Each structure stands twice: as structure tokens, then as C-alpha cells.
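Reading the structure
One-letter residues, chain by chain:
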Amino acid sequence: MDKKILITGGAGFIGSHVVRLFINKYPDYHIFNLDALTYAGNMENIKDIEDKSNYTFIKGDIKDIDFINALFQKYKFDAVIHLAAESHVDRSITHPNDFIETNVLGTANLLNAFRDIWKDNLENKLFYHVSTDEVYGSLGKIGLFTETTSYDPQSPYAASKAASDHLVRAYGNTYGIPFVISNCSNNYGANQFPEKLIPLFINNIKNNKSLPVYGDGQYTRDWLFVEDHAIAIDEIFHKGKNTDTYNIGGFNEWTNLDLIHLLCKQMDKKLEREEGTSAKLITYVKDRAGHDRRYAIDANKLNKELGWKPSVTFEEGLSKTLDWYLENEDWLKNVTSGTYQDYYKKMYD
Ligand code: NAD
Ligand code: TYD
């Protein structure tokens, strides 16, 4: 085997796409997928690759220092691609400490363990930290986030990711750990837990439930198809410059309301309902506390230096996504039973 790569959070939404891409594209790498299987982690997301010979799944928590140290001592990973995190802004408002513990302390545990095994020999090693555009805060009507935009996180989620980014840079600077960081905009696609806007609304439309639009619905996000994020991570992992940051985005800004209307229209077609049926479910609800008005990414550095660009238009990506959720009814049913119902009641009733 050429390289032993630890991918954290590989049973989650984005991580599952990254693990799949690496396993299939690089048979000479051995991929270790470390995931605590929280509510967001799901073995179903990676069912198709579980028997691959270059793959090992490890259930474990990045918060557990002793476990993490022993794991790194045992396997001596050449590289880490770190995605494991608490990832939902609304949950960070109700349970901020979960985010601080996993996103900040968990990242520190990985950095310490990585430093401890390689401190005398950091050549050809890499710590790749996957982060979010939310660290930059909120934009006004104009402007884009670039790699040099100052950090200004506004939610506990964003602050915990910002702190983890700072730790990675500080470990690079202090201990010489080779690293790259990417900050990506909102992802959508298969396997996303239905707490985030797009899968939550797909599920509600299917079940004729109301579509809870926060505030005036004029918040803007820059949407990227998850498989394009995985491809960008592959490019940056292999060709990114040591200590550099790369912004990843879809060049694809939508206000929530415009996006929801597009989603409703596509769902009406796919469910063979009369046009306008799903849009009738739109309901305005109380706004999210501290809601960031607009995110938009300037992904030109990644485009110019590494040649990456999104492979699908939003309409195509969204259509593929809806097809996936409609074809994978069992997946959706399984993740929306049990504790999801309690979450939904607490959040939306
Ligand atoms: P997700 O919530 O779908 O998945 C997170 C995964 O991490 C789950 O499998 C979960 O079980 C695992 N995990 C959580 N806590 C853990 C712990 N303590 N130890 C081990 N595993 C743990 O998240 P996602 O949307 O796939 O996001 C993945 C990464 O990408 C995160 O770091 C997130 O900040 C970042 N990101 C996400 C988006 C987005 O739009 N979803 C955009 C930019 C960046
Ligand atoms: P979300 O998918 O939670 O991503 P993020 O907050 O990380 O950008 O939300 C996307 C946008 O949709 C955001 O402006 C909040 C809004 N939203 C709603 O209006 N209603 C909802 O039920 C959810 C989950 C989000």
C-alpha cells in the first residue's frame, strides 16, 4: 500500500462521498474511516464500499484522547482528511458545548496525535482540514469571501470551526505539520441528514408537511453539489500547496425563497402533482437567532491554480438529488423515525 489515509466523519454526508471517491480512485491507498456514528453518521451511506480491500471502518470518537493516541500509534497514518464535526447551526444554538467539544477539542486531539507520531519525520505527511465558509461571517448585498477575508464567525458552529482552523494553522506554524484547509459553501446531494434545508424540505413535501421558512426567506447561500466538493478535496489533497487555504464554492447564489420555489417546482413534476401544490406548503416561521444574511464564495484560486470547477448546474444537481431521495425511501424513513421526531417537535412545533 502506498499511503495510509485516515478520513474522519466518513459515515456522514460529505465524508461518505469523499471516502467513496478515494477508495474507488486510489486502490493503492488504504482508507481508514473513523466515525463515532452520531445521529448524523449512517453506515447505510457507505454500504456499497464496506467490502473493499483497501478500506477499514473504525467506530470511535475524536473526543477520546486515549483512543485517538492509541489509534495513531497503531496505524501511523501518513495523512488525515478531517471532516468529523457537529455540523448543524440550529443544534449549535441549543447545544453549543457539543460543538466546542467535537469541533475544537476533537481537532486538537487529532493534531496532537499526528504530531506525536511524525514529529521527527514530517516529510510527505499531510493534515487536511475540511472547513466551512461560515467562519467568515455574513456578507452584505455585495462582495465575496476570499481566502484572505477576516474571520468573523457568528454562530457557535461557525466559531467552533473557526477555532479549529486556527488550531490547524498554529500547529503548522509551531510544529511544522504540513497542512491544507478548505472552506466550502453549502453542500447538497445524496445522504444529507434531513435537518438541513434541502433534504428537510424534500421530506416535508413528500409528506405534505409545511415548509418552515425562517424570517423573510431572503437569506442567501452559495450551493455546491456534494460530489463536486469531494472532487475539490481530492484535487487539493494531491495538488494543494502546503499551508495554503482554498475556498470552494458553486458560483451559485440563491435566496432561500427562490431556491425553495425551484425545489417545489421540481418536486411537483417528479411527484406528478399539479404545479403550485408544493409551494402552498411554504410557511414563514420565527427566524434563527443570529442568522447570517448572505454567504458567497470566490472560488477563483481553486479554479485558476488547480483547474477545479463545478461539474453540474444547480438545476441538474438538484434534480439528481431529488431523484436520490425519492428512490431511497427506506434511507429517509430510517433516519426520520425515532429521535428525529423529537428533534423536529422541539425545533418546529
Ligand atoms: P455531517 O453532520 O453529515 O457528518 C458528520 C460526521 O461526523 C457524522 O458521520 C458523525 O457521526 C461524525 N462525527 C461527529 N462527531 C464525531 C466525533 N466526535 N467523533 C467522530 N466522528 C464524529 O456533516 P457534513 O455536512 O458531512 O460535514 C462534514 C464536514 O464538512 C464538517 O467538518 C463540516 O463543518 C464541513 N462542511 C460542511 C458543509 C455542508 O454544507 N454540509 C459545508 C462546508 C463544510
Ligand atoms: P442550513 O441548511 O441549515 O445551512 P446553513 O445554516 O449552514 O447555511 O440552512 C440554509 C438556509 O436555510 C439558512 O439561511 C437557514 C434556512 N432554513 C430555513 O429557512 N428553514 C429551515 O427549516 C432550515 C433548516 C434552514
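Below is a summary of the structure that appears in this document.

Conventions and cut-offs
Residues numbered from 1 in each chain as written. Chains lettered and ligands numbered in written order. Predicted model: local features only at pLDDT ≥ 70, side-chain atom pairs only at ≥ 80, totals over all residues. Heavy atoms only, no water. Axes fitted to C-alpha atoms, helices over the stretch in contact; angles between N-to-C directions. Helix = DSSP H or I, 4+ residues; strand = E, 2+ residues; numbered from the N terminus. Parallel < 35°, antiparallel > 145°, perpendicular 65-115°, else oblique. Contact = heavy atoms within 4.5 Å. Nonpolar A, V, L, I, M, F, W, Y, C, P; charged D, E, K, R; others polar. Pairing = 2+ DSSP bridges. Salt bridge = Lys/Arg side-chain N within 4 Å of Asp/Glu carboxyl O. Near = heavy atom within 4 Å. Polar contact = N/O pair within 3.5 Å; in protein donor to acceptor, adjacent residues only side chain to side chain. Areas by Shrake-Rupley, 256 points an atom, 1.4 Å probe, with all protein chains shown as cover. Phe/Tyr/Trp six-rings, centres within 6.5 Å; stacked < 30°, edge-to-face > 60°. Buried < 20%, exposed > 50% of the residue type's maximum accessible area, 1.4 Å probe, protein only. Lys NZ or Arg CZ within 6 Å of the ring centre and 35° of its normal.

With their axes 14 Å apart at the nearest point, helix 6 (residues 197-206) and helix 12 (residues 339-348) run at an angle of 100 degrees to one another. With respect to helix 12, the element helix 6 is oriented roughly perpendicular. Taken together, the residues of helix 12 that come into contact with helix 6 (itself represented by L200, N203 and N204) are Y340, Y344 and Y348. Here the residues of the contact of helix 6 with helix 12 sort into four nonpolar, two polar and no charged.

Another aspect to go through is the sheet that holds strand 4 (residues 79-82). One open sheet holds the seven strands; their spatial order is 3-2-1-4-5-6-10, and the pairing between them is parallel. Lying at the two open borders of the sheet, with one neighbouring strand each, are strand 3 (55-59) and strand 10 (245-248). Between one strand axis and the next, the sheet turns through 20 degrees on average, direction left out of account. Strand direction decides the pairing type here: strand 5 (residues 126-132) and strand 6 (residues 179-184), joined by six bridges, are parallel. Of the residues in strand 6, the one forming a bridge with V130 is S182.

This brings us to the pattern of salt bridges. Counting across every chain of the model gives 13 salt bridges. Two residues, E329 and K206, come together in a salt bridge whose shortest N-O distance is 3.5 Å. Here K206 lies in helix 6 and E329 lies in helix 11 (residues 329-335), a separation of 123 residues in the sequence. One salt bridge in this structure joins K239 and E235, with 2.5 Å as the shortest N-O distance. On the criterion of helical spacing, the pair formed by K239 and E235 is a turn pair, its members being four residues apart in helix 7 (residues 226-239). Taken together, the shared-partner salt bridges in this structure form one network comprising R91, E195 and K196.

A word on the site of ligand 2. Within the structure, ligand 2 sits among 18 residues, and E134, P212, R221, R288 and H291 are positioned closest to it. The backbone of Y214 places a nitrogen or oxygen atom 2.9 Å from an oxygen atom of ligand 2. When ligand 2 sits alone it has 510 Å² of accessible area, and the protein chains cover 98% of it. Of all the elements in the fold, those that place two or more residues in the shell around ligand 2 are helix 6 and strand 8 (211-214). No other element matches strand 8, which puts three residues into the shell around ligand 2. Here the shell around ligand 2 is composed, by residue class, of nine nonpolar, four polar and five charged.

Next up on the list: the packing of aromatic side chains. Under the counting rule described, the total for this entry stands at 25 aromatic pairs. Their ring planes at 65 degrees and their centres at 5.2 Å tell us that F32 and F77 sit as a pair that is edge-to-face. Placement of the pair is F32 in strand 2 (residues 29-35) and F77 in the loop between helix 2 (65-75) and strand 4, with a sequence separation of 45 residues. No difference in accessibility class separates F32 from F77, as the two residues are buried. The structure contains a cluster of three or more aromatic residues connected by ring pairs, namely Y39, F193, Y214, Y340, Y343, Y344 and Y348. The ring centre of Y175 lies 4.5 Å from the NZ or CZ of R115, which sits over that ring.

It is worth stressing that arrangement in space is one thing and function is another; only the former is reported here.
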